[in-house]
Amino acid sequence: MKDALAIHRWLLAHQIHHEIVRLPRPMTGADELPETIPTAPARCVTVTVFEVAPRVGRELVVAVVSTLDRPPQPGVIGGLFGVRQARHAPAHVVNTATDYAAGLVSPLLLPRELPVLIDNRLRPDPDPMFTATGDRHTALALRAFDLLALLTGKTVDLRVPGHRAPLEAVAPRH
């Protein structure tokens, strides 16, 4: 399993300014970052892993990078793949597919063979973003510019499609 030390070494090798933050208490999942670090959920990046079952072929495991305040919806993920259903992957699938502990998946150092989708609402700016490291006792802080530059994957629109206005019959003019 990957952890904070693996991420730290990789970032040092790439000369990326970052900080491994020692947490005041252990966390069981990245969703606890805003309470543990005192930061806004919009500044916390998380990875959600889905299983997508196409009608033909085998199930596909997909990682989705987004902020905690805008989690990906399974229906949107299914729509991107043209299937009716996508579901959150169970912990053992997350562990195997990402090489991180479930709930503590970092968006960095994900396996090359794992498809990664990145929410296009993530914006590069000089302010720090926080993410899990695979370790319950630490988090990673780095500038949004740097984080987005390091992410590998396809940037997609993860917004829930808006409700359509009802169709109205309009009489033709005579």
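Presented here is a report on the structure given in the accompanying data block. Keep in mind the model is a prediction, meaning the values are calculated, not measured.

1. As for the nonpolar core
Step number 1: Ranked by size, the top nonpolar core spans 27 residues in total, and within it Leu11, Val65, Leu108, Leu110 and Leu147 carry the most contacts.
Step number 2: Those elements that place two or more of their residues in this core are helix H1 (4-13), strand E2 (44-52), strand E3 (60-67), helix H4 (91-98), strand E5 (116-119), strand E7 (138-143) and helix H5 (144-150).
Step number 3: Residues contacting leucine 110, with those up to four places away along its chain left out, are Lys2, Ala63, Thr98, Tyr100, Val105 and Val116.
Step number 4: Ala30, Leu33, Ile37 and Ala132 belong to the second largest nonpolar core, which has 13 residues in total.

2. Considerations on unusual backbone geometry
Step number 1: Unusually for a residue other than glycine, proline 38 sits at a positive phi of about 45°.
Step number 2: With respect to the element layout, proline 38 can be found in the loop between helix H2 (33-36) and E2.
Step number 3: A residue is classified by how much of its surface remains accessible, and proline 38, at 67% relative accessible area, is exposed.
Step number 4: Although it is not a glycine, leucine 109 adopts a positive phi angle of roughly 65°.
Step number 5: Considering the arrangement of structural elements, one finds leucine 109 in the loop between H4 and E5.
Step number 6: What makes leucine 109 partly exposed here is its relative accessible area of 22%.

3. Things to note about the layout of surface pockets
Step number 1: Each pocket or cavity is described by its volume, and for the largest pocket that value is around 300 Å³.
Step number 2: Along its surface, the largest pocket is lined by 17 residues, and Thr46, Val47, Thr48, Val49 and Gly103 are the ones closest to its centre.
Step number 3: For the lining of the largest pocket, the element with the most residues is E2, which contributes four residues.
Step number 4: Of the residues in the lining of the largest pocket, the class split is eleven nonpolar, five polar and one charged.
Step number 5: Lining the second largest pocket are Trp10, Pro107, Leu108, Leu109, Leu110, Val116, Leu150, Leu151 and Thr152.
Step number 6: Grouping the amino acids of the lining of the second largest pocket by side-chain chemistry returns eight nonpolar, one polar and no charged.

What counts, and at which threshold
- Starting afresh in each chain, residues are numbered from 1 along the sequence in its written order.
- In view of the model being predicted, local features appear only for residues whose pLDDT reaches at least 70, and side-chain atom pairs are presented and counted only at 80 or more, with totals across whole chains, interfaces and linings using the full set of residues.
- Processing note: side-chain calculations cover all non-hydrogen atoms of the structure and skip hydrogens and water entirely.
- Residues grouped as a nonpolar core are buried Ala, Val, Leu, Ile, Met, Phe, Trp, Tyr and Cys residues, joined through side-chain atoms within 4.5 Å.
- Only protein chains enter the accessibility calculation, which uses a 1.4 Å probe. A residue is then buried if its area is under 20% of the maximum for its type, exposed if over 50%, and partly exposed in between.
- Put simply, DSSP H or I for four residues or longer makes a helix, DSSP E for two residues or longer makes a strand, and each gets a number counted from the N terminus.
- Whether two residues are in contact is decided by their heavy atoms, any of which lying within 4.5 Å being enough.
- Every definition here rests on a 1 Å grid over the protein atoms only: cavities are sets of points where a 1.4 Å probe fits but cannot get out, pockets are open sets enclosed by protein on both sides within 12 Å along at least five of seven lines, and lining residues have some atom within 4 Å of a point.
- Grid points are joined across faces, edges and corners, and a volume is the space filled by probe spheres set on the points.
- Ten residue types, Ala, Val, Leu, Ile, Met, Phe, Trp, Tyr, Cys and Pro, are classed as nonpolar, four, Asp, Glu, Lys and Arg, as charged, and the remainder, Gly among them, as polar.

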